[in-house]
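Now for the letters of each chain:
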Amino acid sequence: MKNISVVGAGTMGNGIAHVFAQYDHQVTLIDVSEAALEKALATISANLDRMVKKETISTADKDRTLSNIRTASSLEEGLSIAHLVVEAATENSALKLQIFRDLDVFAPEKAILATNTSSISITRIAAATKRPTQVIGMHFMNPVPVMKLVEVIRGFDTSDDTTRIIMELSQTLGKVPVEVNDYPGFVANRILMPMINEAIYTLYEGVAGVTEIDTVMKLGMAHPMGPLQLADFIGLDVCLSILRVLQDGFGQPKYAPCPLLVNMVTAGKLGIKSGEGFYKYTPGSKELIPAQNFTR
């Protein structure tokens, strides 16, 4: 598992590449967008600078980590020597299925194919390949360099050997892997997303305001951030997508996304990445101010 290819240079992809490179794997970060690759490398460098400033790593560690990362703009180029491929594309079923069809063509025959999906069926993804025993879920948490958990999800055909390799590999990255089975939302999002959705319903029904809801959950339940702030951090579009996977997978109305969430995503209010969600985000400011729609 020395050569790691990461597909997708967004927030999760660059974080995954960072962690593997920091632990001396040779990483190829793949994205069709050269701009996305440049931004990812800048983000990794900035995150490493913060670690140097906190004295958790040395300048030499930073330089070594960056030297372990190369980029590629095509799967054929980026997968040729991969022992493990970690897909970290957008949480979209059709997109992921097509990526895995392509990974199956271009990745070496013995390579393990992992997906960072937070909710989509591993069994369904594996069925798009001719190597379902070598397909597994490797769900990292955001921000990847900081969060310890890796949710390791077995598809219906995932082999014991594949699972063992990924569990052991995750531990070498300083992570705590937890093995779970392949059902909608797995464990993390099956529990988290209904809580976030209920918080949005609580706001939608006028029970309390944005700040009040988050304060209750932070002080009353010892959560590091409230569910509405967390939803903004995750991305409201991602939350909506996961809830729809849960609703489709279980066929139960309790997973139906709140109409307020649907409207916000439709309006482009996606949270931190769009500059506004339940809170308004101003570059350089850490102050939490509810968005204008929730201060009327």
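Definitions and cut-offs
Residues numbered from 1 in each chain as written. Predicted model: local features only at pLDDT ≥ 70, side-chain atom pairs only at ≥ 80, totals over all residues. Heavy atoms only, no water. 1 Å grid on protein atoms, 1.4 Å probe; cavity = no way out; pocket = protein on both sides within 12 Å on 5 of 7 lines; lining within 4 Å. Points joined across faces, edges and corners; volume = space filled by probe spheres on them. Helix = DSSP H or I, 4+ residues; strand = E, 2+ residues; numbered from the N terminus. Nonpolar A, V, L, I, M, F, W, Y, C, P; charged D, E, K, R; others polar. Salt bridge = Lys/Arg side-chain N within 4 Å of Asp/Glu carboxyl O. Core = buried A, V, L, I, M, F, W, Y, C linked by side-chain atoms within 4.5 Å. Buried < 20%, exposed > 50% of the residue type's maximum accessible area, 1.4 Å probe, protein only. Contact = heavy atoms within 4.5 Å.

**Some thoughts on the layout of surface pockets**
The computed volume of the second largest pocket comes to approximately 180 Å³. What lines the second largest pocket is Ser93, Ser119, Ile120, Ser121, Arg124, Asp182, Tyr183, Pro184, Val245, Asp248 and Gly249. Looking at the lining of the second largest pocket element by element, the count peaks at 3 residues for helix 11 (residues 236-250). Looking at side-chain class alone, the lining of the second largest pocket contains 4 nonpolar, 4 polar and 3 charged residues.

**Some details on the pattern of salt bridges**
Side chains bearing opposite charge may pair, as long as their charged atoms lie close to each other. Taken as a whole, this structure holds 13 salt bridges when the rule is applied. What you see here is one network of salt bridges that share partners, running through Asp24, Asp61 and Arg64.

**Description of the nonpolar core**
Phe20, Leu84, Met138 and Phe140 are the most contacted members of the largest nonpolar core, which has 33 residues in total. When residues in this core are grouped by element, the largest group, 6 residues, is from helix 1 (residues 11-22). Excluding residues that lie within four positions of it along the chain, phenylalanine 20 makes contacts with Ile4, His25, Val27, Leu84, Val86, Met138, Phe140, Leu169 and Leu173. Of all hydrophobic cores here, the second largest spans 25 residues; its members include Val210, Leu230, Leu243 and Tyr255.

**Topic: unusual backbone geometry**
Omega for the bond connecting asparagine 142 with proline 143 falls within 30 degrees of zero, at 0 degrees, which places this linkage in the cis form. Relative to the helices and strands, proline 143 resides in the loop between strand 6 (135-140) and strand 7 (149-154). Even without being glycine, glutamate 55 reaches a positive phi, approximately 65 degrees. Here glutamate 55 falls in the exposed class, since its relative accessible area comes to 71%. Even without being a glycine, phenylalanine 186 presents a positive backbone phi close to 55 degrees. Within the element layout of this structure, phenylalanine 186 appears in the loop between strand 8 (176-181) and helix 8 (188-204).

Note that every value here comes from positions in space, so none of it alone points to a role or purpose.
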